[in-house]
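Analysis of the macromolecular model
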Amino acid sequence: MGNEGSKLKGLIIDKNAVEVNDFWALYNAESPTTCNEEGSDGQLLSIFKGEVLVKGQLWAAQGPMERAIKNLMIYRHPYILKYMSTWDQSGQKHLATERVRPLSDVLAQQSPIQVCLGLRTILCSLIFLIEKALARHLNICTQSIYVTDKGSWRLAGFEYVWKAKDLNKEVLELAHSFRQPLAIDSTNSELGLEQFAFATLCEQILDNCGAVSTPHVQEFRDYCSTHLKHQNIELRPKLSAVLLHPYFNHEFVLIHSFLFELPLKSVQERQQFFSNLIERLRCFDEQVVASQLASDLLSRMVLLDPTAQHCVTPYVLRTKTENGTTALFSPQTYLQYLLPHILKMFRLRDAQIRLILLDYFMEYVRLLSDEQLQSEILPHLQMGMNDTNDVLVAKTLRSLADLVPILGGATVLGGDRRRCFSDGRPHAAVSTDCSTPWTEPRSITPLMNGSAVDAVDYMVSGSPLPVESNVAPMPLRLSPDGGEDDKSVTNLSEKPLELSQGSSPDSSSGNADSSTSSAAHEQTLVNDEEEAWSDWDNTDELQRLNVKQEAMDELNLNNVETNSSTSTQATQPSLADSFRTACSSVSTDPKKPIPPPPINRQLIDDLSALDIQVQLTTPANSSEPAEFDFFKDMEPIIETKKTVSSEPEVVQIDASRFAATSIGSNDHDVDDAGDQGWGHDEDEDDVVWGSNGQTTNVT
C-alpha cells in the first residue's frame, strides 16, 4: 500500500513537465529499482508535484493533492490509476504512480477499437467505485483520464471523490466551479450525475475520433442521449446496465476483457477460452490484435497456462512465412508490437518464462539487429549458463550455438581463440560446385571380390560416389595390386592337381622318393605364396589356408597311390629321379608350365583308389570326433645315430598311414634295418624315410 514517508531512492525526475494545472504539475521519472513486472533496469513512473497553495473553500479542510493521495491509497482497481508512493519535499506533496500520459495528448492517435476498449475500461472503474465502493466521482471528463504506455486507459481525478454518505448539495455547489461545465446536469441533483457525465464523455470522444467502424457505435450514441441523459433522473439506468450494451460486448471486446480478468476465471473457463482463441483472433486485423492484445497474450498467466502453451503460444511467438500462414502475426507486426515485450521478458529471472522464450529463440532472434543481440540478448544468455537448472543451461547453450553464425564465435564465446583442428580432406574430395548438396566423405574401404553394381553396399558411411562431370570414371580395383592376387591364388590351387596327375604308381621307387617329392612340393608352395603377397592380410590368410588344405588332400592321394604300387616303384628308379627333377624345376620357376606325364604310365581302372582316405582318430576320453591333422605325416622324427645296443629300438608307426608290404624274406635284413633306424642322410638336405630305397618291415 505504501506510506506517506516512503520516498523512492535514486529517483530521476525530468525537468520538463508533461501537464500543469491548478493543483499539480506532472513529470516523467525513472527509478533504478527493478521491482516492476517488466523486469527493466529502471522503473518508469509519473510524479505529481502538488502546489503549495490552492484557492477555494472546497479545499479548506483538505487540499486537492492530499485528497487525491488518500483516495488512491484506499480505492484500488486495475482500471484506476495505480498508486506507488508519496513523500513531502520542500513543503510540496509528491505522488508517484505508474507511467501515464493525459488522454487529451493521445486521443487523436487512438483507433476506434482502442476508444471502445478505453470507454469500457472507464465504465468498469466507475461501476466498481460507485456501486461497490459506495463513493461518488464529481468530475468525470477527459481531464480525469490518463493512458498508460501499453495503451490502457486509467481513471484519475480522485481529488473529486467523496464518500456517498458525505456528498450533499453544499459540496456540489462548492465543486461546481471546478467541474467540467458540459458534464454538469442542469438539475444539479445528487442522483444520476455520473450517468450524465459519462454520456457526455462518450459523445465528446466519439465525435472527436469519428469512430464509425466499430460495431453498434451509432446505437450507443443514441442510447447515451436518450437514456443516460434522460430528463427523469429515476429513469436513468445504472452503470452496470450500460455495460450490457452491444457496443461493449462484441467479439474483440469480450476477448480483451477475458484476458484482462484471467486471474478471476476458473480452470474450465480458461481451457474453453484458449482452445478456440486463435480462430477468433484471425477474424480481426493483425495490427489491431497486436497493438491491443500483445501484452495480454505474452503475460505470465497466459504463458504458464498448459492449454495456452499448446493452443496459443506457438501461434503468437512464431511469425508468418511464405509457405504457411498458421502463425498469427507477420514479421513486420511482430517486430513492431511483440518484440519490445519479448526483450523486456528476457530480463526477467524466471526460469519458466526463459525456457519458453528459448524454445522459440530462432523465431525472433533473426528480426533483431546485431547491436540488439549483443546488448540485450547475449548478456542474459551468458547469465543463464551459470544457472543450476540443467534444462535451462542446455537450452541456453543451443541458443548460443544459433548466435555463432550471426555474431561470430569470438563475440559469443569471448577470449582468445586459436586453431586446434585442421581440414584433413583430400583436395579431390572438396567440391567447387556450390549447387552440389553436401555429402559425407566417401569411404576408402577396399571392395574385396565385389562388382561395380554392389559398390554402394560396401561403403561404410553409405555416402554416394562422386558425380562431378569433370571427373573421369575409374574402374574399381579388387586389391591394391590391381587384382593379381586372384590369379595367383588360382595358380596355386591348380598346381597340386597337376602334380597329382603327373605322379603315377610307377613313377617312384619307394617311400624315400615320395617323401622327397612331398618336401619339394611343400617348398614350392611356400615360395609361390611368398611371391604372391598381398596387403590385405585377413583375406589372403583365408585363401592361403584353403590352398594348403587342397594341397594336403592331393598329397594324401599321392601317398595312397604310392603305397598301392610298391612293387613297381623299386623297378623304376629312373622315373623317380625324373619326377624329382620336375619338382625341382617347378620350385625354381613357378610360372613355367609342367611337362605332360609320360605316355607309358600305368592307368588305374579302379576309381575308388583315387578317393581321399581319411581316418579320424578319436581319443578314448572324448565323445566328440577329433579334427583330422593334415600335417601330421609331414613332421618327420629326426634322431641322431646311436651305437648298437643289445635291444633294438622299436619304432611305432601307424600302419594305416604307411601300409607297406614286406619285400625282404630273411630276418637278417629286418635286423639291419632296425639297427639302422630312422636316420638322416648327411649328404642330402631332404629327410629320407628308411634306407637304400627299401621299405621298412614293421612286425
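Shown above is the structure to which this text applies.
The paragraphs below set out a description of the structure included in this document.

Scoring rules and cut-offs
Sequence order sets the numbering: in each chain, residues are counted from 1 along the sequence as written. In keeping with the model being predicted, local features are shown solely for residues with a pLDDT of at least 70 and side-chain atom pairs are shown and tallied solely at 80 or more, while totals for entire chains, interfaces and linings include all residues. Side-chain numbers here rest on the full set of heavy atoms in the structure, without hydrogens or water. Each helix is a run of H or I in the DSSP string that is no shorter than four residues. Each strand is a run of E no shorter than two, and both are numbered from the N terminus. The classification of residues rests on relative accessible area computed with a 1.4 Å probe and restricted to protein chains. Under 20% of the type maximum is buried, over 50% is exposed, and intermediate values are partly exposed. Note on definitions: a residue-residue contact is assigned when non-hydrogen atoms from the two residues lie within 4.5 Å. Computed by Shrake-Rupley with a 1.4 Å probe, the accessible areas treat only the displayed protein chains as cover when residues are assessed. Geometry of aromatic contacts follows a simple scheme: Phe, Tyr and Trp rings, the Trp one being its six-membered ring, pair when their centres are within 6.5 Å, and the pair is stacked under 30 degrees between planes, edge-to-face over 60, tilted otherwise. A helix's residues, less one, multiplied by 1.5 Å, set its expected span. Distance and chemistry together define a polar contact, namely a pair of N or O atoms within 3.5 Å, with one atom able to donate a hydrogen and the other to accept it when in protein, and with adjacent residues in sequence counting only for side-chain atoms on both sides. Pairing between two strands is assigned when DSSP locates at least 2 bridges connecting them. An axis is simply a line fitted to the C-alpha atoms; with a helix, the fit covers only the stretch in contact. Between two such axes, the angle follows the N-to-C directions and lies from 0 to 180 degrees. The salt bridge criterion pairs a side-chain nitrogen of Lys or Arg with a carboxyl oxygen of Asp or Glu, the two atoms within 4 Å. For classification purposes, angles smaller than 35 degrees are called roughly parallel, those larger than 145 roughly antiparallel, those between 65 and 115 roughly perpendicular, and all remaining angles oblique. Take the far helix as your reference; a near helix turned counterclockwise from it by less than a right angle gives a left-handed crossing, and one turned clockwise gives a right-handed crossing. Note on disulfides: each one is a pair of cysteine sulfur atoms within 2.5 Å. Classification convention: Asp, Glu, Lys, Arg as charged; Ala, Val, Leu, Ile, Met, Phe, Trp, Tyr, Cys, Pro as nonpolar; all other residues, Gly among them, as polar.

Quick word on the overall build of the protein
Of the regular secondary structure elements, the protein holds 26 helices and 10 strands. The proportion of buried residues among the 699 residues of the protein is 38%. Once local pairs closer than 6 in sequence are excluded, the contacts in the protein between residues at least 24 apart make up 67%. Here the protein has roughly 40900 Å² of accessible surface; of this, 52% comes from carbon and sulfur atoms.

Considering the packing of aromatic side chains
A ring pair, where both rings are aromatic, is described by two values, the distance of the centres and the angle of the planes. Tallying each qualifying case throughout the model produces 18 aromatic pairs. Seen from their ring centres, W59 and Y160 are 5.9 Å apart, and the 70 degrees between their planes marks the pair as edge-to-face. Here Y160 lies in the loop between β9 (153–155) and β10 (161–163) and W59 lies in the loop between β3 (43–50) and α1 (64–74), a separation of 101 residues in the sequence. Accessibility classification places W59 together with Y160 in one group, the buried group. Both rings, one in F346 and one in Y364, keep their centres 6.4 Å apart while their planes meet at 75 degrees; by these two values the pair is edge-to-face. Of the two residues, F346 is situated in helix α15 (residues 331–346) and Y364 in helix α17 (residues 361–365); the sequence distance between them amounts to 18 residues.

Things to note about helix α11 (residues 286–297)
Between its first and last C-alpha, α11 extends only 13 Å over 12 residues, short of the 16 Å set by a 1.5 Å rise per residue. Listing the buried residues of α11 in full gives E286, V289, A290, Q292, L293, A294, D296 and L297. Buried residues belonging to α11 abut α3 (112–132), α8 (251–260), α10 (277–281), α12 (300–303), α14 (313–317) and α15. With a side-chain oxygen lying 3.1 Å from the backbone nitrogen of Q287, the N-terminal cap of α11 falls on D285.

As for unusual backbone geometry
One non-glycine residue, S90, lies in the positive phi region at around 60 degrees. Classification of S90 as exposed rests on a relative accessible area of 72%.

Here's the deal with the side chain of E98
If you trace the backbone, E98 turns up in strand β5 (residues 92–98). For E98, a relative accessible area of 16% corresponds to the buried category. Residues in contact with E98, not counting those within four places in the same chain, are L45, S46, I80, L81, K82, M84, T148 and R154.

Regarding helix α16 (residues 351–359)
Along α16, the residues classified as buried are I353, R354, L355, I356, L357 and L358. Regarding α16, its N-cap is D350, as a side-chain oxygen of that residue lies 3.1 Å from the backbone nitrogen of Q352 further along.

What to know about the sheet that holds strand β6 (residues 100–102)
Reading across from one edge, β6-β8-β9 is the order of the three strands in this open sheet, with antiparallel pairing throughout. Two strands close off the open sheet at either side, each with one partner strand: β6 and β9. The sheet shows a mean angle of 40 degrees between the axes of neighbouring strands, taken without regard to direction. Of the strand pairs in this sheet, β6 and strand β8 (residues 145–148) are connected by three bridges, and their pairing is antiparallel. When the bridges of β8 are listed, P102 appears paired with Y146.

Things to note about the pattern of salt bridges
Applying the stated criterion across every chain, the model contains 15 salt bridges. We note a salt bridge from D359 to K395, for which the minimum N-O separation is 2.7 Å. One end of the pair, D359, is in helix α16; the other, K395, is in helix α19 (residues 390–407), and 36 residues separate them in sequence. The class for K395 is partly exposed, based on a relative accessible area of 23%.

Section: the sheet that holds strand β1 (residues 12–20)
The five strands are arranged β1-β2-β3-β5-β4 in an open sheet whose pairing can be described as antiparallel. The open sheet has two free edges, formed respectively by β1 and β4 (83–89), since each of these has just one partner strand. The sheet shows a mean angle of 25 degrees between the axes of neighbouring strands, taken without regard to direction. Of the pairings in the sheet, the one linking β3 to β5 comprises five bridges and is antiparallel in character. Looking at the pairing, I47 lines up with A96 of β5.

Observations regarding the packing of α15 against α16
The contact between α15 and α16 brings their axes to 10 Å, and the two run at 135 degrees. Taken together, α15 and α16 sit at an angle that is classed as oblique. Between α15 and α16 lies a crossing of left-handed hand. Along the contact surface, α15 presents I342, M345 and F346, while α16 presents I353, R354, L357 and L358.

Overview of the state of the cysteines
Applying the stated criterion to the full structure yields zero disulfides. Of the cysteine sulfurs around C224, a residue in no disulfide, the closest is that of C202, at 4.7 Å. Note on C224: relative accessible area 1%, which makes it buried.

Points about the packing of helix α18 (residues 370–384) against α19
Running from N to C, α18 and α19 point in directions that differ by 155 degrees, and their axes come no closer than 10 Å. Considering the angle they form, α18 stands roughly antiparallel to α19. Handedness of the α18/α19 crossing: left-handed. Judged by residue contacts, D370, L373, Q374, L378, L381 and G384 of α18 engage V393, T396, S399, L400, L403, I406 and L407 from α19. In terms of residue class, the contact of α18 with α19 is made up of eight nonpolar, four polar and one charged.

Some remarks on the environment of Q180
Examined against the element boundaries, Q180 turns out to sit in the loop between α4 (169–175) and α5 (193–209). In this view, Q180 contacts N139, C141 and Q143; residues no more than four positions away in its chain are not counted.

Re the side chain of N139
Structurally, N139 can be placed in the loop between β7 (135–137) and β8. Those residues in contact with N139, other than ones at most four positions away along the chain, are S144, Y160, F178, R179 and Q180.

So far we have only geometry, and geometry alone does not tell us how the molecule works.
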